[in-house]
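Secondary and tertiary structure notes
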Amino acid sequence: MSQLREALPQEVARKRRSASGDFFVRLARDKRLGVVGGVIFFTIVLLAVFADFVAPYGMDEMRIMDRFAAPSAEHLLGGDQVGRDILTRLIYGARISMVVGLAGTSITVVVASIIGVPSAFFGGKYDITVQRFVDAFLAFPGLLILLTVLSIVGPGILQIVLVLGILTGIYSSRIVRSAVIGIKENDYFLAAEAIGSPTYKTIMRHIMPNIMPQLIIIFSITIGGIILDEAALSFLGFGLPPEIPSWGGMLSWEGRRHMEVKPELALYPGLCLAVVILGVNMFGDAMRDLLDPRLRGSEAS
């Protein structure tokens, strides 16, 4: 009997390893564009993490003699209007974008779960009341709400992460709610209710594990949108201060004002944004196709 008890956890671990291995095999075999997107995303993450070691200069190091410097061995992408290295600014801008994207998306998943799971689980008047508040948020343009809230709380990376994460989580709660409503029709959920399982146990044991693919999908496809929202806020002047490099801020502060003198000041951060958003979207689409059982028969891409 004791040997059987020891063998069961090992068998469960083996099945989990085989499931994860099968996921990566299917990703490499069927979703080649997803692999490319994943490589782009994780490369940017590594650049953001090791920016202090990768960047050739300090984040705000200025050399007035290198003002509008052309690309050279000393400055691979040239210098900006105050002699700062453009490549260095882009690398540190990746850190801001990744911090905002990952942290904001994590908050999005938490907020969407807090709103969507109880709304679908309890149903009735509670569900109707919550969904009417969600409808009220959906009735307003998202950018208008962001600008209004940030104009009240002030600029800063913490404020941007919280505002983007909470507002996007409210919008995404509809997806979580739909997933939970589908689970409520399954036999194991009805059996848990029949035996009188406590609410928190039903949610943690039967709902959260079964909506995890949907939460992962929300996470993967929301990162790109939050990065783009941060860039838009920085471009409009509601983001981070000019001395802190972000790709949206570089487009606004340096690129827009000095585009005629040095077009690269707008070109490079714009390309970085385009490449990262494209990579994240390709990786997110691949994750969605592989994790959603309804889409597993989709053709390779």
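A few points on the structure. Along each chain, the written sequence defines residue order, and numbers are assigned to residues from 1. Totals for whole chains, interfaces and linings use all residues, but because this is a predicted model, local features are given only for residues with pLDDT of at least 70 and pairs of side-chain atoms are given and counted only at 80 or more. Based on all heavy atoms of the structure, the side-chain values leave hydrogens and waters out of the count.

1. Describing the overall build of the chain
Runs of H or I in DSSP of at least four residues are treated as helices and runs of E of at least two as strands, each being numbered from the N terminus. On a plain count of helices and strands, the chain comes out with 12 helices and 0 strands. Each residue's exposure class comes from its accessible area (1.4 Å probe, protein chains only) as a fraction of the maximum for that residue type: buried when under 20%, exposed when over 50%, partly exposed otherwise. Looking at the chain as a whole, 43% of its 301 residues qualify as buried. Note on definitions: a residue-residue contact is assigned when non-hydrogen atoms from the two residues lie within 4.5 Å. Long-range contacts, defined as pairs at least 24 residues apart, comprise 71% of the intrachain contacts of the chain with a sequence gap of at least 6. Total accessible area on the chain stands at roughly 16,000 Å², and carbon and sulfur atoms take up 67% of it. The Shrake-Rupley method, run with a 1.4 Å probe sphere, supplies the accessible areas, and residue values consider only the shown protein chains as cover.

2. Let's talk about the packing of helix α10 (residues 212-235) against helix α11 (residues 247-256)
One can describe the packing of α10 onto α11 by two numbers: an axis separation of 6 Å at closest approach and a directional angle of 30 degrees. The orientation of α10 with respect to α11, classified from their angle, is roughly parallel. α10 and α11 meet at a crossing whose hand is right-handed. Residues A231, S234 and F235 of α10 lie in contact with α11, whose contacting residues are G248, G249, L251, S252, W253 and R256. Residues are grouped as follows: Ala, Val, Leu, Ile, Met, Phe, Trp, Tyr, Cys and Pro are nonpolar; Asp, Glu, Lys and Arg are charged; every other residue, Gly included, is polar. Of the residues in the contact of α10 with α11, the class split is 4 nonpolar, 4 polar and 1 charged. Between N-to-C directions, angles cover 0 to 180 degrees, with each direction set by a line fitted to C-alpha atoms, over the stretch in contact for helices. Angle categories: roughly parallel below 35 degrees, roughly antiparallel above 145, roughly perpendicular from 65 to 115, and oblique for all the rest. Crossings are sorted by hand: turned counterclockwise from the far helix by less than a right angle, the near helix makes the crossing left-handed, and turned clockwise it makes it right-handed.

3. Quick notes on the pattern of salt bridges
The working definition used for a salt bridge is a side-chain nitrogen of Lys or Arg within 4 Å of a carboxyl oxygen of Asp or Glu. A full pass over the atoms with the stated rule returns 9 salt bridges. As a salt-bridge pair, E74 and R63 come within 3.0 Å of each other at their nearest N and O atoms. A residue pair is termed long-range when its members are at least 10 positions apart, and E74 in the loop between α3 (51-54) and α4 (86-122) and R63 in the loop between α3 and α4 qualify at 11 residues. Given a relative accessible area of 43%, E74 falls into the partly exposed group. Residue R63 is classed as partly exposed on the basis of its relative accessible area, which comes to 33%. Here D127 ties to R177 by a salt bridge, and the two come within 2.8 Å at their closest N and O atoms. On the criterion of sequence distance, the pair formed by D127 in helix α5 (residues 124-139) and R177 in helix α7 (residues 157-183) is long-range, its members being 50 residues apart.

4. Quick word on the side chain of D127
With a relative accessible area of 12%, D127 lands in the buried category. If we ignore the near neighbours within four places in the chain, the residues touching D127 are S119, A120 and R177.

5. With respect to the layout of surface pockets
Cavity means a closed set of points on a 1 Å grid over the protein atoms alone, one where a 1.4 Å probe fits but cannot get out, pocket means an open set with protein on both sides within 12 Å along at least 5 of 7 lines, and lining means a residue has an atom within 4 Å of a point. Grid points are joined across faces, edges and corners, and a volume is the space filled by probe spheres set on the points. By volume, the largest pocket amounts to about 190 Å³. I44, L47, L87, L90, I91, A94, W247, Y268, L271, C272, V275 and V276 together form the lining of the largest pocket. Listing elements by their share of the lining of the largest pocket, those giving two or more residues are α2 (32-49), α4 and α12 (264-291). For the lining of the largest pocket, the leading source of residues is α12, giving 5 residues.

6. Some remarks on the environment of G255
Looking at the secondary structure, you find G255 in helix α11. Separated by 10 residues in sequence, G255 and L265 place their C-alpha atoms 4.5 Å apart. Those residues in contact with G255, other than ones at most four positions away along the chain, are M250, L265 and A266.

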